[in-house]
Every structure is written in C-alpha cells, then in structure tokens.
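Chain by chain, the residues run as shown.
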Amino acid sequence: MIDNKDNIKRVFDVVPDVVRYCYLIADQTRPGDAALVNHVLADDVMRRGHVLFMYNRGHFPLGFIKGHIMKYPEFNMWWPSTCQAKIDFLFVDRRYHRSGVGRALIGAYEQYCVENNVSDVFLYRAPTLQARNFYEKHGYVELNECLLMTKSLVR
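Rules behind the numbers
Residues numbered from 1 in each chain as written. Predicted model: local features only at pLDDT ≥ 70, side-chain atom pairs only at ≥ 80, totals over all residues. Heavy atoms only, no water. Core = buried A, V, L, I, M, F, W, Y, C linked by side-chain atoms within 4.5 Å. Buried < 20%, exposed > 50% of the residue type's maximum accessible area, 1.4 Å probe, protein only. Helix = DSSP H or I, 4+ residues; strand = E, 2+ residues; numbered from the N terminus. Contact = heavy atoms within 4.5 Å. Phe/Tyr/Trp six-rings, centres within 6.5 Å; stacked < 30°, edge-to-face > 60°. Lys NZ or Arg CZ within 6 Å of the ring centre and 35° of its normal. Pairing = 2+ DSSP bridges.

Taking an unreviewed UniProt entry as the reference, the chain is identified by name as GNAT family N-acetyltransferase belonging to Candidatus Enterousia avistercoris.

Below, the structure written as structure tokens:
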C-alpha cells in the first residue's frame, strides 16, 4: 500500500514533461479528458491560479489532481456557502489503482482547501463508476440527484 505524503508535491512550473506525464496517465481511462488535460493544464496552473499536486515516485508521476478555489461560487443554487473549490481532474496511473495514491492526492487537495478557508469541494465533471465509488468512500455525495458530487469540509 502506497501512501507516503512526502511523495506529493505541488507543481508551480508546468513544464512539457509534466503535461506529457499527466496526459499519459489520463489517457488510460478517459482519452477525451486526456486531450483536455494536454490543452489546459499549463495555462490553468500558470495563469489562472489552479493548483496541481503530483504524486511522484522517483522521476515518474503515479497520479495527479488539479483544481482551484472559485472566487465566485458556481454552485450557489444547490449548496450555498462562502468559499468553494472544485476538482477538475484526479487521475492515477492504472497500475497504481487501489494503492493509496488517490487517497493521498485527494487528502493533499482537501488539506490545501481547508488551509484556504474552503467550505465545500465539488467535482467539476461527472465521475466514472469506478471514480464514483472512490469519491463516495472519501465522503463525497451526489449533488441534488445530478451527476456531480460534493463534500463539505466544515467540521
């Protein structure tokens, strides 16, 4: 079981190798999202304040999570709160599914959100069935019977 939080690093400089690794990891399960990752990753992180955490082993990432804190909450109609964040992407290399990499990544992102006074985290895209089970296991629930999911970080 992998779950060493020391392997998680926040990425500030999205170089071409980072984009390539993220693309390859995402392409294993959701090729359409892989193309989107390739297109927006560097721009989002470098220019618009999105946050990217990667789980590395040596020089090779095993997974990544990208999201951002929303200045103007998008989900007020369902979940009124003062500060919200969303998860754009969370992907783990298929060879490391069920190894603790995803748990470590979502934990790091949620900790980042708590440190920035976020009250709720939303999934930006409908999860696959496997991903839905993962998120439910980590406290996320369906949002008003639609395909999105959310978790309250307020305790």
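Let us keep going from here.
Asks: Residue-level account of the nonpolar core, with values.
Replies: Judged by nonpolar contacts, the single largest core of 26 residues is most densely connected at Ile 87, Tyr 109 and Val 121. Elements supplying a minimum of two residues to this core: strand S2 (51–57), strand S3 (60–70), strand S4 (84–92), helix H3 (101–115) and strand S5 (120–123). Looking at this core, the element that brings in the most residues is H3, giving eight residues. Residue contacts for Val 121: discarding those within four places in its chain leaves Ala 85, Ile 87, Tyr 109, Cys 113, Tyr 140, Met 149, Thr 150, Lys 151 and Leu 153.

Asks: Can you tell me about the packing of aromatic side chains, naming the residues and giving the values?
Replies: What the rule picks out here adds up to seven aromatic pairs. Ring centres of Tyr 21 and Phe 60 lie 6.0 Å apart, and the angle between their planes is 80°; this geometry places the pair in the edge-to-face category. Here Tyr 21 is found in helix H1 (residues 16–27), whereas its partner Phe 60 is found in strand S3, with 39 residues between them in sequence. Ring pairing ties together the aromatic residues Phe 53, Tyr 109 and Tyr 112, which thus form one cluster. The positively charged end of Arg 20 is found above the aromatic ring belonging to Tyr 21, 5.0 Å away from the centroid.

Asks: Quick rundown of the pairing of strand S7 (residues 149–152)? Include the residues and the values.
Replies: Both faces of the sheet carry side chains from a regular strand, because those side chains alternate between them. Here S5 runs beside S7; their pairing, made up of three bridges, is antiparallel. Following the sheet pairing, Phe 122 is matched in S7 by Thr 150. Across two bridges, strand S6 (residues 141–142) lies against S7 in antiparallel orientation. In the strand pairing of S7, Val 141 is matched with Thr 150.

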